[in-house]
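Structural description and commentary
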Amino acid sequence: MTRPTLPANRPELKEFARRIRAHALRMVHAAKAAHIGGCLSMADILAVLYTQVLRLDPAEPQGPDRDRFVLSKGHATAIMYATLAECGFFPLAELDTYCRDGSILTGHVSHAVPGVEVSTGSLGHGLPIAIGMALAARSAGAGSRVFCLLSDGECDEGSNWEGILFAPHHKLDNLCVIVDFNKIQSFGSVAEVLNLDPFAEKWKAFGWHVEEIDGHDVAALERVLGAVPSQSGRPTVVIAHTVKGKGVSFMENKLEWHYRSPSDELLAQALAEVGA
Amino acid sequence: MRTTFIESLSQAASENPDIWLLCGDLGYSVLEPFAAKFPDRFINVGVAEQNMAGMAAGIALSGKTVFIYSIGNFPTLRCLEQLRNDVCYHGADVKVVAVGAGYAYGSQGYTHHALEDAGIMSMLPGIEVFVPCDPNEVRAATRLIASSGKPSYLRLSRQGEPALGSVVTDIRKPRILREGRDVVILASGPIASRALEAANALSVRGRDVGVVSVSCLKPLDEAAIRDAVRGASLVVTLEEHILRGGLFSMVAGAFAGDAQRPPVTGIGIPEQGGKTSSAGSREALLDAAGLSVEAIVARIEQSLAKR
């Protein structure tokens, strides 16, 4: 498996990003669900990963030599499920069941959903799992890579720092962490709650190859994510500077959209702004 | 027990190239034979149990069978949520091996006493829990979990535990260590040796006492345990663990709905509460906790007197 084998008719990158944003807005509106801000901040990252980078086959989601994507910020599910549905892992109509009684589309990401590698939701779990997958992939020798998306707030978790220490020591160059650095965590700004700065320097000091980019610059995302493994013997971290609520003016950089679900009126405005 | 474990695991690993072993920077003078024989499948992850447990899940979800090894509370309670979410919820083929059951690390103090681990592990969904009493059971349990394909917990003591019975035919079944029908002591772990001593002391007084090792706490073979205690006028459980959540809780819970059931006397370690722990050998700490052979005999006599 050398190239992405996603459906040939998948939309082009920017259209894909627009569509998954629109799905996510509709889903959280219908379900009166939370976490739309952190969904929108990572939309462009998912769009690039799933249309340009990951070697996956929706017809064979458990293919042994696939690339792995581990969503560690497991609360950002609407955009994740929308991405997988757009890629053909399951029917788009299924998105209408998000958070409904009996649906597999739970509010924190579930491995019952085709295309989801692991269930997360308690923060600080994804990276150690991704490290295990990267070790196993290296041992298998098939060249598959493991991408793990963290939130900034979740970098408070000690378990992540155990993993951050481990991966360079074991030269896991097939591992790529992406931090959705939208600067707002659950109960305040990252700078106020528990400052991560100097963030890139911390990763560098631990031995990672660090890329620091605008997380909405799809060309930059494509360049750094597509290059993994970027440096022989070093894991890569992409610190993606993003905007919480990106694409919807009244949600951008607003803590409240970690929790709120848009009214009918605000949904219409949001959809218009993302171009749906 | 530790040596028997690593010998059994090495044997299994030589037959199955998908068996890996991770340790949390513990296992000096125990794990080296495995590390030397299978360097590509052994990782000392450092003193980082959360990462170890999550990583084990990730390796297992890639098709491997992963053992993680450390002392008592470290690969269990320290990373409990990783075991719950990453291992058990995904049905990942991860085996948690804890050395130092109960008071095995005697004088090392409270942090090294594993007194709640078996109960807490048993509460996790889909996990199988083994508390072997002697090297024969360690061998059988290790062989079983190496190929069971299920999350498992193996609770080991330390070293020098004697064989308490003959060969193990089925580690999932209760194993009779001493025949006897009137009183049956169900024991889990090496504390079973004290059950045998107590049974001998009671038999001198004319009591008919059997001893049965219950190594597999989960799934508990309730039917086989009912058979093992059939006709007994008293059942005693003995464990190097608090009563809550351990063997006593499981046996009492199994019998609770039976119309005809024997009384069950639970003997285990009292909860520590706010009291500080003293230094002492395993034997001394067991004695102090009310698990001396004499105290066990006395408890059984008291229970018999109430019949």
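First, a word on what this report is: a plain description of the structure on this page. Keep in mind that this is a model prediction, so the values were computed, not measured. Throughout this description, residue numbers start from 1 for each chain and increase along the sequence as written. Written order determines the labels here, with chains lettered from A and ligands numbered from 1. Owing to the predicted nature of the model, reporting of local features is limited to residues with pLDDT of at least 70; listing and counting of side-chain atom pairs is limited to 80 or more, with chain, interface and lining totals taken over all residues. Hydrogen atoms and water are omitted, and side-chain values are computed over all heavy atoms in the structure.

**Focus on the overall build of chain B**
- A tally of helices and strands in chain B yields eleven helices and twelve strands.
- Relative to its length of 307 residues, chain B is compact, with a C-alpha radius of gyration of 19 Å against a globular reference of 19 Å.
- Based on the C-alpha atoms only, the size of chain B along its principal axes is roughly 60 × 40 × 30 Å.
- Taken across its 307 residues, chain B has 60% of its residues classed as buried.
- For chain B, restricting intrachain contacts to residue pairs at least 6 apart in sequence, the fraction spanning at least 24 positions comes to 77%.
- Summed over its atoms, the accessible surface of chain B is roughly 11,800 Å², and 51% of this surface lies on carbon and sulfur atoms.
- For chain B, the distance from the average site of its 30 positive side-chain charges to the average site of its 32 negative ones is 4 Å. Working definition: helices are DSSP H or I runs of at least four residues, strands are E runs of at least two. Numbering for both runs from the N terminus. As defined in this context, the radius of gyration uses C-alpha atoms, and a globule is described by 2.2 Å times the residue total to the power 0.38. The buried label goes to any residue with under 20% of its type's maximum accessible area, the exposed label to any with over 50%, and the partly exposed label to all in between, with areas taken from a 1.4 Å probe on protein chains only. Working rule for contacts: check all heavy atoms of both residues, and any pair within 4.5 Å makes them a contact. With residues, only the protein chains shown are counted as cover, and all accessible areas are computed by Shrake-Rupley using a 1.4 Å probe. Charge counting follows a simple rule: Lys and Arg are positive, Asp and Glu are negative, and His as well as the terminal groups are ignored. Note that the charge is assigned to NZ on lysines, CZ on arginines, CG on aspartates and CD on glutamates.

**So, the sheet that holds strand β2 (residues 42-44) of chain B**
Residues and elements named next belong to chain B.
- Spatially, the seven strands line up as an open sheet ordered β2-β1-β3-β4-β6-β5-β10, and their pairing is mixed. Both outer strands of the open sheet, β2 and β10 (216-218), are each paired with one neighbouring strand and no more. Each strand axis lies, on average, 20° off the axis of its neighbour in the sheet, ignoring direction.
- With six bridges joining them, strand β3 (residues 65-71) and strand β4 (residues 94-99) adopt parallel strand pairing. Opposite Tyr 69, over in β4, you have Val 97 as the bridge partner.
- Docked against the sheet, helix α6 (residues 135-148) engages β1 (19-23), β3, β4, β5 (128-130) and β6 (152-156), running at close to 160° with respect to β6. Paired strands, in this sense, are two strands between which DSSP finds at least two bridges. Throughout, an axis means a line fitted to C-alpha atoms (over the contacting stretch in the case of helices), and angles, computed between N-to-C directions, take values from 0 to 180 degrees.

**Examining the pairing of strand β7 (residues 236-241) of chain A**
Residue and element names in this part refer to chain A.
- Of all six residues in β7, five are buried; the element is thus mostly enclosed.
- Across six bridges, strand β6 (residues 209-214) lies against β7 in parallel orientation. Residue Glu 212 lies in a different strand from β7, and its bridge partner there is Ile 239.
- Looking down the strands as they point away from the viewer, one classifies a crossover as right-handed if the path from the first strand across the helix to the second runs clockwise. What joins β6 to β7 is helix α9 (residues 218-226), and the crossover it makes is right-handed.

**Considering the packing of helix α6 (residues 158-169) of chain A against helix α8 (residues 199-206) of chain A**
Residue and element names in this part refer to chain A.
- At a closest axis distance of 8 Å, the pairing of α6 and α8 adopts a crossing angle of 45°. Here α6 lies oblique to α8, going by the angle between them. Residues Trp 161, Ile 164, Leu 165 and Pro 168 of α6 lie in contact with α8, whose contacting residues are Phe 199, Lys 202, Trp 203 and Phe 206.
- Note on residue categories: nonpolar means Ala, Val, Leu, Ile, Met, Phe, Trp, Tyr, Cys or Pro, charged means Asp, Glu, Lys or Arg, and polar means any other residue, Gly included. Class assignment of the residues belonging to the contact of α6 with α8 gives a composition of seven nonpolar, no polar and one charged. Note that the term roughly parallel is reserved for angles under 35 degrees, roughly antiparallel for angles over 145, roughly perpendicular for angles of 65 to 115, and oblique for everything else.

**What about the sheet that holds β7(A)?**
All names here are of chain A.
- As summarised here, the arrangement of the five strands in space is β1-β2-β3-β7-β6, forming an open sheet in which the pairing is parallel. With partners counted over all chains shown, the strands left at the sheet margins are β1 (68-71) and β6, one partner each. In this sheet, neighbouring strand axes are inclined to one another by 20° on average, regardless of whether the strands run parallel or antiparallel.
- Judged from the four bridges that link them, β1 and strand β2 (residues 146-151) form a sheet pairing that is parallel. In the sheet register, Arg 68 faces β2, and the bridge partner there is Val 146.
- Lying on the sheet, helix α5 (residues 126-140) is in contact with β1, β2 and β3 (175-181); it crosses β2 at an angle near 170°.

**Section: helix α10 (residues 264-274) of chain A**
Residue and element names in this part refer to chain A.
- Looking only at α10, the buried set comprises Leu 266, Leu 267, Ala 270, Leu 271 and Val 274. Buried residues along α10 cover an arc of 135° about the axis, so they all sit on one side. Counted as exposed and oriented over 90 degrees from the buried face of α10: Glu 265 and Ala 272.
- Its buried side turned inward, α10 meets α1 (13-31).
- At the C-terminal side of α10, Gly 275 shows a positive phi close to 85°. Here the arc refers to the directions that run from the helix axis out to each C-beta atom.

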